[in-house]
Structure formats: C-alpha cells, structure tokens
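If you want the building blocks of each chain, they are given just below.
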Amino acid sequence: MTAKLPEPDLNYLQRVLLEMLAIPSPTGFTDTIVRYVAERLQELGIPFELTRRGTIRATLKGHRDSPDRAIAAHLDTIGASVREIQDNGRLGLSPVGCWSSRFAEGSRVSVFTDTGVVRGSVLPLLASGHAFNTAVDEMPISWNHVELRLDGCTASRADTLALGINVGDFVAFDPMPEFTDSGYISSRHLDDKAGVAALLASLKAVVESGREPPIDCHPLFTITEETGSGAAGALPWDVSEFVGIDIAPTAKGQESSEHAVTVAMQDSGGPYDFHLSRHLLKLAEGNDVPVRRDLFRYYHSDAQSAIAAGHDIRTALLAFGCDATHGYERTHIDSLAAMSRLISAYLLSPPVFTSDAHAGQDSLENFSHQLEHVTQMENDTRVPAVDSIFDKQTDDSSDRS
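The present account deals with the structure reproduced in this document. (Residues numbered from 1 in each chain as written. Predicted model: local features only at pLDDT ≥ 70, side-chain atom pairs only at ≥ 80, totals over all residues. Heavy atoms only, no water.)

1. Some words on the packing of aromatic side chains
Put simply, the rule is: By convention, a stacked pair of Phe, Tyr or Trp rings (six-membered ring in the case of Trp) has centres within 6.5 Å and planes under 30 degrees apart, an edge-to-face pair has planes over 60 apart, and any other such pair is tilted. Secondary structure is summarised from DSSP: a helix means a run of H or I of at least four residues, a strand means a run of E of at least two, and numbering begins at the N terminus for each. By the criterion adopted, a ring carries a charge over it if an Arg CZ or a Lys NZ lies within 6 Å of its centre and within 35 degrees of its normal.
Under the definition given, this model contains 6 aromatic pairs. Ring centres of F103 and Y328 lie 6.1 Å apart, and the angle between their planes is 80°; this geometry places the pair in the edge-to-face category. With a gap of 225 residues between them, F103 in the loop between β5 (91–96) and β6 (108–112) and Y328 in the loop between β17 (314–322) and β18 (329–332) connect regions that are remote in the sequence. Three or more aromatic residues joined by ring pairs form one cluster here, namely F29, F112 and F170. The ring of F274 carries R278 above its face, with NZ or CZ at 3.8 Å from the centroid. Directly above the aromatic system of Y184 lies the positively charged group of R330, at a separation of 4.2 Å from the ring centroid.

Pasting the structure below:
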C-alpha cells in the first residue's frame, strides 16, 4: 500500500506568498527577499548556505546522499531601472527582464535611491486624453514611449537629482495582490513568488510528516533567473536530477490550466529529460494530482540555465498555470496546491536511476531505455534489410568486373 502523500498547508502557502509579494525584488535587488526565505527555512529546521550574491542552497537530508537531486525556484522578478533623467524631471526606464511596456503603463512604483525611496507612476509620453485626444491611442508601444512621473516637485533635471535619484536606480512595480473567495490569486510577480510559496509549503509538509526522503534534496532559491543566469552557478553537489519550479502560461495555443500543475516537455532551450519528466507525470497520476503537459516557445528556466552552464544532469520543469504571464498575472489556488503536492511526491520518490550516482558509465548495462515496450520497438517504416543492401553492392561490383 502506498503511503498517503502529506498535504500542503494552503493557509501557510498563501500567507508566505502574500508576504513575499510585499517585498520588492527585481533582479539585482533581492537581498531582502533572500533574508525572508532564509528565515522560513530556519523555521522549518532546514539547513542552508548563501552564495556571495545571495542564492540560497539548502539541504533536505534523505536516506542516501547519492545520487542527490535539486529543486529550484527563483526569487527575482521583472522590474526596471532608471535609464535617464529627462530635462522635464521625469525618468526614462530600461526593463529588467523581458516584458512589454504595455503592462508598465499606469503602474505605481517605488524608486530605490542610495538614500531612500521615491514613489511615482509610469505613464505614456502622451498621458492626458483631454490634452492629446486620439493621439494617445496612436502612440507606439515601447519603453521609449513611457516615462516615470515622480511624486515630488520635479520640473527639471536638477530638481530630480536633488531628490537623490541617479541613473541605474532600481524601480519596483507594485504587485497589487488580490486573493478572492473563489480561489483566484491576481498579482504582479506571481512569477515566481507563487512557485517559491508552493515549494516552501511542500518542504513544510514533508518535514512535518516525519518521513525521510530516499535521497538528499537541495532546494535552491535563485536570484537572477529573469536575466538568464539563474541556477547556472548554484550546484556544488553531485546532483543527478534537477527540477525547476516556475510559471506556465495559459493562453491560446498552450495546454496549461490555472487548475492543474504543468510538466513542461520543452522550452526555448529544447526538450527536458525524457525519463525525469515522465517520472513526474507518473507521480501525478499515482497521487491523483491534476496535471497537464505543455511546450513553451518563448521561455527559459533555472533548469535550462543549469544545462547551459555545462552540468551533466537530468532536468525537468514543473509550473503552475497562470494567465497573462509577465503582465497582470492570475493563478488559482488549485494550481498551487497541485504543484505543492507533486513536489512533495517527488521529494519522497526514489531516484529515477540509482546508477546516476556515477557520472561516468563504462558499460551499457545500466544505461537507460526510452523505448521500453514491445509495441514501441515495432517499426513499420519500410526499409530494406541491411544484408540485402550489401549483397546487392557485392553483386553490382562483380558485374562491373
């Protein structure tokens, strides 16, 4: 009989999510949220270490220490930085991470200077319908066509400089979270704070269950995923399996749902590991976790960055379903609960291949098989037998001589 899966504390999940959303953390400005998550790990009794820049590398001890696995979610979010101080005292912006200025327009923001915080709003260059009429609707959509209006007496470049604002200052966008009675969660920056909350809830459930994972697992909380490097330098252990935790777009042409967890089969970096991805799908099926498969065309993750860095590891990606990713995002507690349950199932599952404990294999004996069944081995493609080709070549050669 299979042991019952420990259930996540959804009140805890939503509380830590709301608390993290209140902490500004655009890439490059993540110290405060790193401290927050480290404190949550301390509460759970999970040891961790910090890299120089602040990536959190934790260890959930298992029955065996090899092969070990890692599971990663990122703390950094999209945002902006001050690109220029204009003659009218307003600020030009450069995006941090890849996102459209369409979703920046109308946002309330905080500018973090060397000495304090200045509030403001991001507006299109033509922001008044009473002044510009239909010309407002004809403006292009780009970061060159928005500006940041500060809440201060700034009518010139000198006025703005006097507030302590400089080029390169970080700009964080207000999350505007709303948790509805129907279970929907709307906010900026659910990517990937909702994933972090689901991972923390899974760790809490496993620790409080008293069950020992079969192998060591290293939860990672990275700080540069939105700008591409992510988990590239975060794996000091002999990790054989790496699962990224991130966001799944629910949109036309996608298969993800706000009421299920997604196992991503491929993203911009190529397919994820055949065996690890199917291991996760089987765990979902065996534990009645609603799951979808999906492919992401314009997407990179911590798992992909680890492969790009040269790590010889199997990678997979779990993602919560979310509408309007990198915009005004929305998910549902159903998806976060499904993700948290599947993470717990994975933490308590055996390694996909015990032989992966050894990085180099000098034999085919323990090497994997992707085609396992007799029906899969049948080949209906009409090709001649190899021997017949060589026999024909021999006959043709004899005829010419």
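2. Some words on the environment of S66
Structurally, S66 is set in strand β3 (residues 64–74). For the pair S66 and I215, spaced 149 residues apart in sequence, the C-alpha to C-alpha distance is 6.6 Å.

3. Some thoughts on helix α8 (residues 333–347)
Counted only if it meets this: Working rule for helices: expected span equals 1.5 Å times residues minus one. Each residue is assigned to one of three classes by its accessible area relative to the maximum for its type, calculated with a 1.4 Å probe on protein chains only: buried under 20%, partly exposed between the two thresholds, exposed over 50%.
Taking 1.5 Å as the rise per residue, α8 with 15 residues should run 21 Å; its terminal C-alpha atoms sit 21 Å apart, in good agreement. Across the 15 residues that make up α8, a large majority, 14, are buried.

4. Focus: the packing of helix α6 (residues 274–286) against α8
Rules: Think of each axis as a best-fit line through the C-alpha atoms, taken over the contacting stretch in the case of a helix, with angles from 0 to 180 degrees between the N-to-C directions. Throughout this description, any angle smaller than 35 degrees is read as roughly parallel, any larger than 145 degrees as roughly antiparallel, any in the 65 to 115 degree range as roughly perpendicular, and the remainder as oblique. Definitions for this section: a left-handed crossing has its near helix turned counterclockwise from the far helix by less than a right angle. A right-handed crossing has that turn clockwise. Here, two residues are considered to be in contact whenever any of their heavy atoms come within 4.5 Å of each other. Under the convention adopted here, Pro, Cys and the residues Ala, Val, Leu, Ile, Met, Phe, Trp and Tyr are nonpolar, Asp, Glu, Lys and Arg are charged, and Gly plus all remaining residues are polar.
The interhelical angle for the contact between α6 and α8, taken along N-to-C directions, is 115°, at an axis separation of 10 Å. As judged from the angle between their axes, α6 and α8 are roughly perpendicular. Here the hand of the crossing between α6 and α8 comes out right-handed. On the side of α6, the interface is formed by L276, H279, L280, L283 and A284, while α8 contributes L342, A345 and Y346. Broken down by class, the residue content of the contact of α6 with α8 amounts to 7 nonpolar, 1 polar and no charged.

5. Observations concerning the pairing of strand β12 (residues 215–222)
Put simply, the rule reads: Criterion used throughout: strands pair if DSSP finds at least two bridges between them.
With 8 of its 8 residues buried, β12 lies for the most part within the structure. Judged from the 2 bridges that link them, strand β2 (residues 56–58) and β12 form a sheet pairing that is antiparallel. Residue R57 lies in a different strand from β12, and its bridge partner there is L220. Two strands pair when backbone bridges link them, and β3 and β12 are joined in this way by 7 bridges, in the parallel orientation. Bridge pairing links R64 to I215 in β12.

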